[in-house]
Amino acid sequence: MPTDVHQHLWPPAFIELLRARTAPPRLDGWTLHLAGEPPYEVDPADHDLAARTALARTDGLDLALVSLSSPLGIEFLPPADAAPLLTAFHDGALALPAPFGVWASPCLSAPDPEAVERELRRGCAGLQLPATALLDAAGWERHAPLLDVLTHEDKPLFVHPGAAPPAPHAPPWWPALVPYVHQMHASWFAFRAFGRARHPRLRVCFAALAGLAPLHGERLAARGGGRGEIDFDVFYETSSYGTRAVDALVRAVGIDVVVSGSDRPYATPVVPDLGADAAVHALRTANPDRLLKGATP
């Protein structure tokens, strides 16, 4: 079942709630305003259901997992602000036609494991958390009750870049290339140092190849951390990277833990040229299936 584990598609009710807001995150028509990024002109076609469904068919997908855009910062809003937006997102995304599925997202200003459990049992593929919630030992400890629900329900965690801090005078590409990558890098090392021991059976997928953190294995070994064995329940999603980066990561962690994701509509899907049809099958079909269902590679 060819799968894209990382797409974004805003349901209509969610869009209208963003337009009703007077503070970031908010939409002014189709202009998105965030606290840490310049205004972004959203293309209405990016969130047109018919167009996106046709695009998914063109991509040959049997499953495209839609996630909340964590850089919006909705998870950290006060509960009274976050709850309506999260409800609109989950209700709308769960009602999408095939091939779409959805990652659940929680309110992190008042974490509620029972709410996460309800969304998983309604049909969400797993739970998405912003990397900004998982940058250190305290973050992994604070959100352990939510992750315990995942282990109990045998569902995976998807770690996605979170909101970027304000960066005056920075070019428009700065958030995607600097804070996003740093967040993914830090959350991966924090999971290795603090999260895995607390959650030995948790399957985790890091967006954007975890900011290429696994490529620092030689530096880690040189500084006394040790490279260790490959964790076959930690996966790396490919969005915004091409053949060179994916090939380098495969050399570091193996082919069995790399999964295809596009970040559509913010990036175009790339099928890396790894020299064999079997590699493409692994990235698009076998590995995503194992991420979502669990199995020995």
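Structure first, text after, so check above.
> Is there a simple way to explain the state of the cysteines in this structure?
Throughout the structure, instances matching the rule amount to zero disulfides. No disulfide involves Cys 107; its sulfur sits 16 Å from the nearest other cysteine sulfur, which is in Cys 124. Residue Cys 107 is classed as buried on the basis of its relative accessible area, which comes to 16%. Exposure remark for Cys 124: the relative accessible area of 0% places this residue in the buried category.

> In this structure, what is going on with the sheet that holds strand S5 (residues 63-66)? I would like to understand it.
Strand pairing in a sheet relies on backbone hydrogen bonds, with the paired strands running either antiparallel or parallel. Taken together, three strands build an open sheet; the order of strands is S1-S5-S6 and the sheet is parallel. Either end of the sheet is taken by a strand with one partner, and the two such strands are strand S1 (3-7) and strand S6 (100-102). With direction set aside, neighbouring strand axes in the sheet form an average angle of 25 degrees. Across three bridges, S5 lies against S6 in parallel orientation. Note on S6: the bridge partner recorded for Ala 64 is Phe 100.

> Explain the sheet that holds strand S3 (residues 31-33) to me, please; I cannot follow it from the model alone.
What the three strands build is an open sheet, ordered S2-S3-S4; its pairing is antiparallel. Only two strands of the sheet have a single partner each, and these edge strands are strand S2 (26-28) and strand S4 (40-41). Relative to S4, S3 runs antiparallel, the two sharing two bridges. Across the sheet, residue Leu 32 finds its bridge partner in S4, namely Tyr 40.

What counts, and at which threshold
Residues numbered from 1 in each chain as written. Predicted model: local features only at pLDDT ≥ 70, side-chain atom pairs only at ≥ 80, totals over all residues. Heavy atoms only, no water. Disulfide = S-S within 2.5 Å. Buried < 20%, exposed > 50% of the residue type's maximum accessible area, 1.4 Å probe, protein only. Pairing = 2+ DSSP bridges. Helix = DSSP H or I, 4+ residues; strand = E, 2+ residues; numbered from the N terminus. Axes fitted to C-alpha atoms, helices over the stretch in contact; angles between N-to-C directions.

It is worth stressing that arrangement in space is one thing and function is another; only the former is reported here.
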